[in-house]
Amino acid sequence: MARRHLVYVLPGIGGSVLERPGTGKRSGEAVWDAGLVDVAGLLTRPDRLSVDQPLRPTGVIRSRRLLPGWTVVPGYERLIDALGALPDVRLDKGNPDRRDQAANVVVFPYDFRLGVAHTAALLAADVHERLKDLSESERAGRVVVLAHSMGGLVARYWLGPLMGWPLCRALITLGTPHRGAPKALQLLANGVQLAGVRLDGVSDLLRTWPSVAELLPRFPAIWDTVAEAPRYPHELSVPGLGTAAKAGFDLHQDIEAGWRTIPRGPDAPQVVPRLGWSHDTPASAKWDGNRLTIHKAPPHWLDLDGWQHDHGDGTVPAFSAVPLELGGHNTFGWRARDRHGPMAASSWVPDLVEAYERRAPLTAVQGEVRHASLGLDLDELHLAGLPVPVRVRVRGDVPGSGEPAAVWALLRQPDEPRARTAEVKLEWDPADRCYGADLPGQRPGLYDLKVTARAVPGAGDLTVTDTVAVVTQ
C-alpha cells in the first residue's frame, strides 16, 4: 500500500557530512563527517570549514561523532535504519548524486555553517520539485517533517516566512532550541574551551557561522549585574556577539511573524515537540561589564514558575524546546528522558512519524512517559589524561527517599577489539545533592558513557547514555 505522506528528516548542526566538490575526474573530498580525525583537523586547520569554502552536503553523520564546543552528536544511522524498516518505505539518504525522486522518506542534509534561512530556501525548492506533479489538493498536508535540534528552526522558517505550511501535515521537533540556547552564548562570547584554555582557531571560526548566532537565546537570558537589568545577547558589547547576535535575533522574529500568518484550524501543521527535562543545562548568564558567565540555573528574572523541575537535555533548556505558540500548553506528554544528541536515536521516534501514516494507538504519539529519570551533568569535551567528572541526579516522582541501591558509571571505547573501559561507583554528595565521581583520565578518542542507577524506588533500574570525546590540546 502506498504511503500517504512524504517524510523529511532534518539533522541538527554538525549532523551533515560536508564534502569539497570534485573537479574533472577527481572525486570530492569529505571535509566534515564528524569523525575524530575531522575534529583534530578542525582544531589545527579551522579554515577547512570557513564559510568561504564551497562545500556540499552528501549525507548525515554516523554515531560517536563530535562538533567541538557545541555537542557530541551520536549520529543518525539508527533513526534512518528504523525509518527505512517501516512498511512500504522508499528511502532517499540525501546524497545529491543518488537522488530518488520516488522516495517517500527523504533525508535532508544541509550546510550547517550557512544558517537557517539559506537552508530553508533549499528545503522549499526540494519539496516543490518532489510534489510538482501533484494537484493542489494532493499536495495539501502531504509532508511530515522530523527535525532534530537546529533542523527544527529550518523547518519552521520554511513553514512560516517561506509559506510552506499548506503542504505540511506535521512538524515533529526533537530538542529544537525554539527560544534559543545559552550554550551558543557561551561559545560566541567565551569561545570553545578545553581545560580552561580557549581554543582560538575554532572559536574564531564559529563566530563566522551565521548558524551559531541563530542558536542564541531570543529571550533576555543575561543578567547585567552593573545595570541590575536583564539583557538580550545583542545588547552586550561583547566581541563575537553584536551584529551577528542581532541577525540571529531578527531571524527568530521573522519566524514568529511568519507563524502568526498561519491560520488556526485543521489545515494548519500540527507541531509535536519533544524536550529533555532531567539533565542540567546551561540556561542563563550574568554579565559584570567585563566577563560573561554561563549558569545552569534558569533566569530568575523571568516568570518561569512551574519549570523548576524541567531542566533540559544538556544542550537546550526544557523551556526553550517549547515552540512560542505552544507556550500555554500542558507539556507533560512532551518530556523525554534522553540527552540532546541521543534523542534522535530513541526507539519511540519512528512511532511519532508512523502515527500520521496509519491509525495507531494514541500512546504512539505521546512518546515515552516516565515518572523518574536520571539527570546527567557532563561536559562533552575532555583533555587527555585528566579526570572526567560525572554528576547524576535522580529526578521525578519517586516514593520515599528515592535513593537507588547503587549508581555506576561505565566509560568504554566502542569499536575496539579490546575496548578500554573504566567503571566507577558514584557516591552521594550531600552538598550538591547528587551522585558523583571522577572517572580516570583517558587517552584521546571517542567514548561511550553509560550510567545506571539500580533499584530506584518505584522505577527499578534507570540508565542514561551519552558520548564524550577526549582530545589533546
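What counts, and where the lines are drawn
Residues numbered from 1 in each chain as written. Predicted model: local features only at pLDDT ≥ 70, side-chain atom pairs only at ≥ 80, totals over all residues. Heavy atoms only, no water. Helix = DSSP H or I, 4+ residues; strand = E, 2+ residues; numbered from the N terminus. Buried < 20%, exposed > 50% of the residue type's maximum accessible area, 1.4 Å probe, protein only. Polar contact = N/O pair within 3.5 Å; in protein donor to acceptor, adjacent residues only side chain to side chain. Contact = heavy atoms within 4.5 Å. 1 Å grid on protein atoms, 1.4 Å probe; cavity = no way out; pocket = protein on both sides within 12 Å on 5 of 7 lines; lining within 4 Å. Points joined across faces, edges and corners; volume = space filled by probe spheres on them. Nonpolar A, V, L, I, M, F, W, Y, C, P; charged D, E, K, R; others polar. Salt bridge = Lys/Arg side-chain N within 4 Å of Asp/Glu carboxyl O.

- Going by what an unreviewed UniProt entry lists, the chain is known as Esterase/lipase family protein and is assigned to Kitasatospora aburaviensis.

Overview of the side chain of R130
So, point 1. Considering the arrangement of structural elements, one finds R130 in helix α3 (residues 116–131).
So, point 2. R130 gets classed as buried once you look at its relative accessible area, which sits at 12%.
So, point 3. Within polar-contact distance, the side chain of R130 engages the side chain of D92 at 2.9 Å.
So, point 4. Among the polar contacts made by the side chain of R130, one reaches the main-chain carbonyl oxygen of D100 at a distance of 2.8 Å.
So, point 5. Filtering out sequence-adjacent residues up to four positions away, R130 remains in contact with L6, Y8, D92, R99, D100, Q101, A103 and V106.

With respect to empty space enclosed by the protein
So, point 1. All told, the structure shown has three cavities of 30 Å³ or more when counted by the stated rule.
So, point 2. Lining the largest cavity we find A213, L216, P217, R218, P233, H234, A245, G248, F249 and H252.
So, point 3. Among the residues making up the lining of the largest cavity, the classes are represented as six nonpolar, three polar and one charged.

Concerning the pattern of salt bridges
So, point 1. Tallying each qualifying case throughout the model produces 25 salt bridges.
So, point 2. Residues K183 and E380 are paired through a salt bridge, measuring 2.8 Å at the closest nitrogen-oxygen approach. In this pair, K183 is assigned in helix α6 (residues 182–190) and E380 in the loop between β19 (372–377) and β20 (381–383), connecting sequence segments 197 residues apart. Exposure class is identical for K183 and E380. Each is buried.
So, point 3. Between E256 and R218 there is a salt bridge whose closest N-O contact spans 2.7 Å. Here the residue E256 occupies a position in helix α9 (residues 242–260), and R218 occupies one in the loop between α8 (210–213) and β13 (222–224), the gap between them amounting to 38 residues.
So, point 4. The exposure class of E256 is partly exposed, given its relative accessible area of 23%.

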